Amino acid sequence: MTALSNLHPFARQCLCLGLFVFVLPGCAAFRSYNAELTKTINLAASGNPGQAAAALEKSHSRNRDLLYYLELGELQRLDGRFEDSQKAWLAADRQVQAWEEAARVNPAKLLGGGASLVVNDKVSAYEGHDYEKVMLTTRMALNHLALDDWDTARVDIKRTHERETVIENLRAKEIEKTEEEAKKRGAKTGFKELNGYPVQSIDNPEVNALRNSYQSAFSHYLSGFVYEALGEPSLAAAGYRQAIELHPDNPTLEEALSGLDARIGDKDDGKTDVLFVIESGTAPARVSQQFSLPIPYNNQLLFVSVSFPVMRQEDFGSMPSAIHMGGSTATPTVVTSIDAMARRSLQEEMPGIMLRGIIRSTAKAVTQYQVAKQDDTGLAGLAIAIGSIVTESADERAWRMLPAQIAVARARVPAGTPYLEADTPSGTQRIALAAKGRYQVIALRMLRGRLFVMPPPGPVGDKPEHQASTPPPPQAFLAATR
């Protein structure tokens, strides 16, 4: 006890952590989110989103956090359980709103702290990445469109725009705070200077072409379509215009704006303006990778292992090359890469992540030096080494069930057309789905070669007060061909 009491306070913490590792292997500090979610993704990709949701619930039985509700809502959406999906996403949205309010009061909290400075970032409550927060309200809008509730979808669209503004303001404060803290500590937070880091994975032309990590052309194109369908041309034009600014030189986006006046002026000609939302793949994974940082202390260079997240290349998956409906052929055009948004998000987060890593590694270096001078038995040094290695793991958490990329296609088809056909790598898939009303949104998702379809139950105005109804279940990987 005497030897332990003589140790530096941080040394005692590390010693306790080294012993604690063997007691709580299931603690958040030691869990791998990617390993846990592999089974869930595999089940969903095999056409069993319901079983995937059950597996997710089992793995999160003790921690129903923001990430749990994000993933659950996506799986339930694939399973055609739109109302259950909305409940899950509303639970997630409440947590995001709480984050917004707390961050307004105390922006410094965005830097992380407490246990994350001693153990790792995984012990902090998951607050979501910026692109996830905005995609949440966008996907809630898609659910409401599937439930034929256009008015509430409009509310979600408006909240998406408001959330973008909140994030912009908060991130400006975070950057300022990180720079001040780094300057005070004399720390360098440029990930390009981190020896061995795969810089190209988050610093490349596609990623750098994005304005930021949270605004997407798809979200704003969808807002334009919803406003147009509800007879609000000025707001529709603003949505289409913003989509073009975020993804310039895209003919599909430009046509939506240039043809708006003509479409608004058209009388009901018995045709349906169908927006196809086509998604593929899954969002990229963050994986923990260790790097060696030199820490100057007492005229010496001490090398400490520090873990940082790196992006793992994921399969984008295939997309239908064409969609046929009512004699029209629509060609999908990718307008948003969530893969690129996730990489841009990590690029923006790295200064803060590195600052916390430097603070941890500096404390470890000081501890190693002092323990080497005080501990004759070597036991404390061994415990510190074990604790440092095992607990040093980067945060891998991210919303993995989001698609890797989103495309749109648009066609005017005769109302009442009973089916559509999608040309996929495995053949032409025929989906029984009637075109109804003047405007309609049909969502398709390709997941490892399997096609999920999320059709809306009815068009705008089909019910007097846009009442939601229970939609039919999704049709996955339909084998019928032309």
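**Regarding the overall build of the protein**
- A tally of regular secondary structure across the protein gives 16 helices and 11 strands.
- Of all 482 residues assigned to the protein, the portion counted as buried reaches 54%.
- On the protein, roughly 20,100 Å² of surface is accessible, and the fraction owed to carbon and sulfur atoms is 54%.

**Examining the environment of Ala 342**
- In this fold, Ala 342 is placed in helix α15 (residues 338-374).
- In the structure, Ala 342 is positioned 135 residues away from Val 207 in sequence and 9.0 Å away in space, judged by C-alpha atoms.
- Here Ala 342 is in contact with Tyr 131, Pro 284, Arg 286 and Met 311, once residues within four sequence places are set aside.

**Description of the nonpolar core**
- Counting 92 residues, the largest nonpolar core has Tyr 197, Leu 222, Phe 308, Met 350 and Trp 399 as its most contacted members.
- Looking at this core element by element, the count peaks at 10 residues for α15.
- Excluding its chain neighbours within four sequence positions, the residues that come into contact with Phe 308 are Leu 194, Tyr 197, Val 287, Ser 288, Gln 289, Phe 291, Leu 293, Met 350, Ile 353, Met 354, Gly 357 and Ala 394.
- Val 413, Ala 435, Ile 442 and Leu 444 belong to the second-largest nonpolar core, a separate cluster that totals 21 residues.

**Considering unusual backbone geometry**
- One non-glycine residue, Asp 249, adopts positive backbone phi at about 60 degrees.
- By the element assignment, Asp 249 lies in the loop between α12 (233-246) and α13 (251-258).
- The backbone of Arg 448 shows a phi angle near 50 degrees, a positive value even though the residue is not glycine.
- Among the structural elements, Arg 448 can be located in the loop between β10 (439-447) and β11 (450-454).

**A few points about the packing of aromatic side chains**
- The final tally for this structure, using the stated rule, is 8 aromatic pairs.
- Here Tyr 197 and Phe 291 contribute two aromatic rings whose centre-to-centre distance is 5.6 Å and whose plane-to-plane angle is 35 degrees, an arrangement assigned as tilted. Placement of the pair is Tyr 197 in the loop between α9 (150-185) and α10 (205-208) and Phe 291 in strand β2 (residues 285-297), with a sequence separation of 94 residues. This pair shows no difference in class: Tyr 197 is buried, exactly as Phe 291 is.
- Summarising the aromatic geometry, the rings of Phe 291 and Phe 308 are spaced 6.1 Å apart at their centres and angled 40 degrees between planes, so their arrangement reads as tilted. Here Phe 291, found in strand β2, pairs with Phe 308, found in strand β3 (residues 300-312); they are 17 residues apart in sequence, far enough to count as distant. In this structure, Phe 291 and Phe 308 share a single accessibility class: buried.
- Among the aromatic residues, those joined into a cluster by ring pairs are Phe 191, Tyr 197, Phe 291 and Phe 308.
- One cation-aromatic arrangement involves Lys 133 over Trp 99; the distance from NZ or CZ to the ring centre is 3.9 Å.

Conventions we followed
- Residues numbered from 1 in each chain as written.
- Predicted model: local features only at pLDDT ≥ 70, side-chain atom pairs only at ≥ 80, totals over all residues.
- Heavy atoms only, no water.
- Helix = DSSP H or I, 4+ residues; strand = E, 2+ residues; numbered from the N terminus.
- Buried < 20%, exposed > 50% of the residue type's maximum accessible area, 1.4 Å probe, protein only.
- Areas by Shrake-Rupley, 256 points an atom, 1.4 Å probe, with all protein chains shown as cover.
- Contact = heavy atoms within 4.5 Å.
- Core = buried A, V, L, I, M, F, W, Y, C linked by side-chain atoms within 4.5 Å.
- Phe/Tyr/Trp six-rings, centres within 6.5 Å; stacked < 30°, edge-to-face > 60°.
- Lys NZ or Arg CZ within 6 Å of the ring centre and 35° of its normal.

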